[in-house]
Amino acid sequence: MSDETPVLEEKAGSEAEAVTTVRSLRELIERVSGKGQWKLTREADSGLAESLPFPFLALVGQTEMKLALLLAVINPAVGGVLLLGPRGTGKTTAIRSLVDLLPETPRSLCFYGCMPEDIEVGGLDAVCPDCARKYGQGEPLAAMDKVRLVELPLNARLEDVVGGLDERAAVQERVRLQRGILALADRNLLHVDEVNLLADEVVDAILDAAAQGTYSVRRGPLTATYRARFGLIGSMNPEEGRLRPQIMDRFGLRVVVRGLSDVNERMEAYRRVQAYLTMPRRVVLAYAPETQLAQAELQVARDMLPQVVIPEEVSRLGLAMVHRLKIDSLRAEITLFEGARAYAALDNRLEVSAEDLRDVAPMALRLRRSTFMEKYFEDQGAEEAEISGIIDQAIKENGK
Ligand SMILES: [Zn+2]
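Note that the structure is predicted; figures quoted are calculated from it, not measured.

Chemist: It is not clear to me how the sheet that holds strand 6 (residues 149–151) should be interpreted in this structure. Could you clarify?
Modeler: Sheets are built from strands paired through backbone hydrogen bonds, the pairs being either parallel or antiparallel. With parallel pairing, the five strands of this open sheet are ordered in space as 6-9-12-3-13. Only two strands of the sheet have a single partner each, and these edge strands are strand 6 and strand 13 (253–256). On average, adjacent strands in this sheet sit at an angle of 20 degrees to one another, irrespective of strand direction. Strand direction decides the pairing type here: strand 6 and strand 9 (residues 189–193), joined by three bridges, are parallel. The partner of Leu 149 across the bridge, within strand 9, is Leu 189.

Below you can see the structure in the form of structure tokens.
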């Protein structure tokens, strides 16, 4: 054994050259998801996996989950994404892997969150005196900053989420409100894991803020209104508790995440995860050129979104789909159309096509009727019975 450096090789026969040009993010993902097969030759740089997210482009399969996440990043108006599935299906890994792809957004430089567009809409009184002065002197009120992934702690209380009295300030006999997680999530992505296990009041506050883009806090004589325009990503394991149908309905896109069913895909996913766990830096580096390209494409898609239009006949088709499925919720068509606009932008087009609707419709329209949980538990029951049957059969045949 003379080889001292850790090597991460691609097996012969795979496309070794990096993807450097691509027509759209959609095309890039299709090309990269089939890339290479990792062969692990030596252990290295372990312990870094936590701080270096698994590359989004190294995720095997799970096309719909990946697509839903990208649509939510491109267009927060889809109304958030809910990922439903058992543990170990890669939901959290996929969500965290978005970090390296996130685009930039204008962010206020002021504690109060004043933005130049506030002045355009409401005049100089719409911002704090400091920002009004800055604006007058031609100084910027906002700067471009990367969209961040904010994770809601599992034990979050209502006052953590919406904010409350600043206790440190209270000690000094000043009364001040402290910003909550929702205010920190402004112009970012908010990941709420185990959303089905959160207190109702907390979920309601999050969903209200997500829908309105702002929220108000009142504590004694103090009130404050904060901006909270964030992309919401919820995840849950339906086996651990149900989600009220009204709450389920308030998520725009829903993806039922299952384990990979193809044996080769499973094997490849296993290899990549093992490679990542032992040498995260190498794996991240191996995907770096494509990741950079994908991030640039995502930025382009997000920037072109305002120009993407839905032709009349395509919107009629969308409404007909909703009508035929007998879905009452108005959120269905909002999500369908906003999702389709993001999808067209993802594919570098300014006009939504019927095919875009077809590809987005399952995510936007499924689980709009409240029968899902009953069905889920029925399926689980049926699966248990099937497993027992197959095991018994195998044992019987083995004994012959
Ligand atoms: Zn200000």
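Chemist: What exactly am I supposed to notice about the nonpolar core here?
Modeler: Nonpolar side chains tend toward joint burial in soluble globular proteins. Core analysis: the largest hydrophobic core is formed by 88 residues, its most contacted members being Ala 68, Leu 69, Leu 71, Val 81, Leu 182, Ile 206 and Leu 253. Residues contacting Leu 71, with those up to four places away along its chain left out, are Val 78, Leu 253, Gly 339, Ala 342 and Tyr 343.

Chemist: I would appreciate a short explanation of the pairing of strand 9 in the present structure.
Modeler: Sheet faces and side chains relate simply in a regular strand, where the side chains alternate between the two faces. Among the five residues of strand 9, five are classified as buried, and the element is accordingly described as predominantly covered. The side-chain alternation of strand 9 yields two buried faces, one formed by Leu 189, His 191 and Asp 193 and the other by Leu 190 and Val 192. With five bridges connecting them, strand 9 and strand 12 (residues 231–236) associate as parallel partners. Looking at strand 12, one finds that Leu 190 is bridged to Leu 232.

Chemist: How should the confidence of the model for the protein chain be read in this particular structure?
Modeler: Detailed reading of the predicted coordinates is not advisable wherever pLDDT falls low. The predicted model of the protein chain averages 82 in pLDDT, with 83% of residues at 70 or higher. Least confident of the elements in the protein chain is strand 1 (residues 8–10), whose mean pLDDT is 44; most confident is strand 3 (residues 81–84), at 94. For the stretch residues 37–50, pLDDT sits under 50, and the model shows 34 contacts to residues farther than four places along the chain or on other chains.

Chemist: Can you help me understand the environment of Asp 347 in this one?
Modeler: Among the structural elements, Asp 347 can be located in the loop between helix 15 (331–346) and helix 16 (354–365). Classification of Asp 347 as partly exposed rests on a count of 17 C-beta atoms within 10 Å. Expressed as a C-alpha distance, the spacing of Asp 347 and Arg 26, which sit 321 residues apart in the sequence, is 5.6 Å. Residues contacting Asp 347, with those up to four places away along its chain left out, are Ser 24 and Arg 26.

Chemist: In this structure, what is going on with helix 16? I would like to understand it.
Modeler: The terminal C-alpha atoms of helix 16 lie 15 Å apart, and with 12 residues this matches the ideal 16 Å at 1.5 Å per residue to within 8%. Listing the buried residues of helix 16 in full gives Asp 356, Leu 357, Val 360, Ala 361, Met 363, Ala 364 and Leu 365. In this fold, the buried residues of helix 16 make contact with helix 2 (63–74), strand 13, helix 14 (312–324) and helix 15.

Chemist: Please clarify how unusual backbone geometry should be interpreted in this entry.
Modeler: The phi angle of most residues is negative, glycine excepted, and most peptide bonds adopt the trans form. Unusually for a residue other than glycine, Glu 194 sits at a positive phi of about 50 degrees. With respect to the helices and strands, Glu 194 occurs in the loop between strand 9 and helix 9 (200–212).

Chemist: Looking at this structure, I do not really get the environment of Gly 259. What am I missing?
Modeler: Relative to the assigned elements, Gly 259 resides in the loop between strand 13 and helix 11 (263–278). Accessibility expressed as a C-beta count within 10 Å gives 14 for Gly 259, which makes it partly exposed.

Chemist: How should I be thinking about the environment of Gly 61 in this particular structure?
Modeler: On the secondary structure map, Gly 61 appears in the loop between strand 2 (38–40) and helix 2. Gly 61 gets classed as partly exposed once you count the C-beta atoms within 10 Å, which come to 18. When the C-alpha positions of Gly 61 and Ser 261 are compared, they lie 9.6 Å apart, and in sequence the two are 200 residues distant. Beyond its immediate stretch of four places on either side in the chain, Gly 61 contacts Leu 260 and Glu 265.

Chemist: Help me understand helix 11, please; the structure alone is not making it clear to me.
Modeler: Residues spaced three or four apart along an α-helix face the same direction, because each turn holds 3.6 residues. For helix 11, with 16 residues, the first-to-last C-alpha span of 23 Å sits near the 22 Å given by 1.5 Å per residue. Among all positions of helix 11, only Glu 268, Arg 272, Ala 275 and Tyr 276 are buried. Taken end-on, helix 11 shows its buried residues confined to a sector of 100 degrees, consistent with a single buried face.

Chemist: Please explain the packing of helix 2 against helix 13 (residues 288–304) as it appears in this structure.
Modeler: Packed helices, taken two at a time, are described by the angle their axes make and the gap between the axes. For the pair helix 2 and helix 13, the least separation of the axes is 9 Å and the interaxial angle reads 55 degrees. With respect to each other, helix 2 and helix 13 are oriented oblique. Contacts between helix 2 and helix 13 pair Leu 70, Val 73 and Ile 74 from the former with Leu 298, Ala 301 and Arg 302 from the latter. For the contact of helix 2 with helix 13, a count of residues per class yields five nonpolar, no polar and one charged.

Conventions we followed
- Residues numbered from 1 in each chain as written.
- Predicted model: local features only at pLDDT ≥ 70, side-chain atom pairs only at ≥ 80, totals over all residues.
- Pairing = 2+ DSSP bridges.
- Helix = DSSP H or I, 4+ residues; strand = E, 2+ residues; numbered from the N terminus.
- Axes fitted to C-alpha atoms, helices over the stretch in contact; angles between N-to-C directions.
- Core = buried A, V, L, I, M, F, W, Y, C linked by C-beta atoms within 7 Å.
- Buried ≥ 20, exposed ≤ 12 C-beta atoms within 10 Å, placed from the backbone.
- Contact = placed C-beta atoms within 7 Å.
- pLDDT = per-residue confidence, 0-100.
- Expected span 1.5 Å × (residues − 1).
- Arc of directions from axis to C-beta.
- Parallel < 35°, antiparallel > 145°, perpendicular 65-115°, else oblique.
- Nonpolar A, V, L, I, M, F, W, Y, C, P; charged D, E, K, R; others polar.

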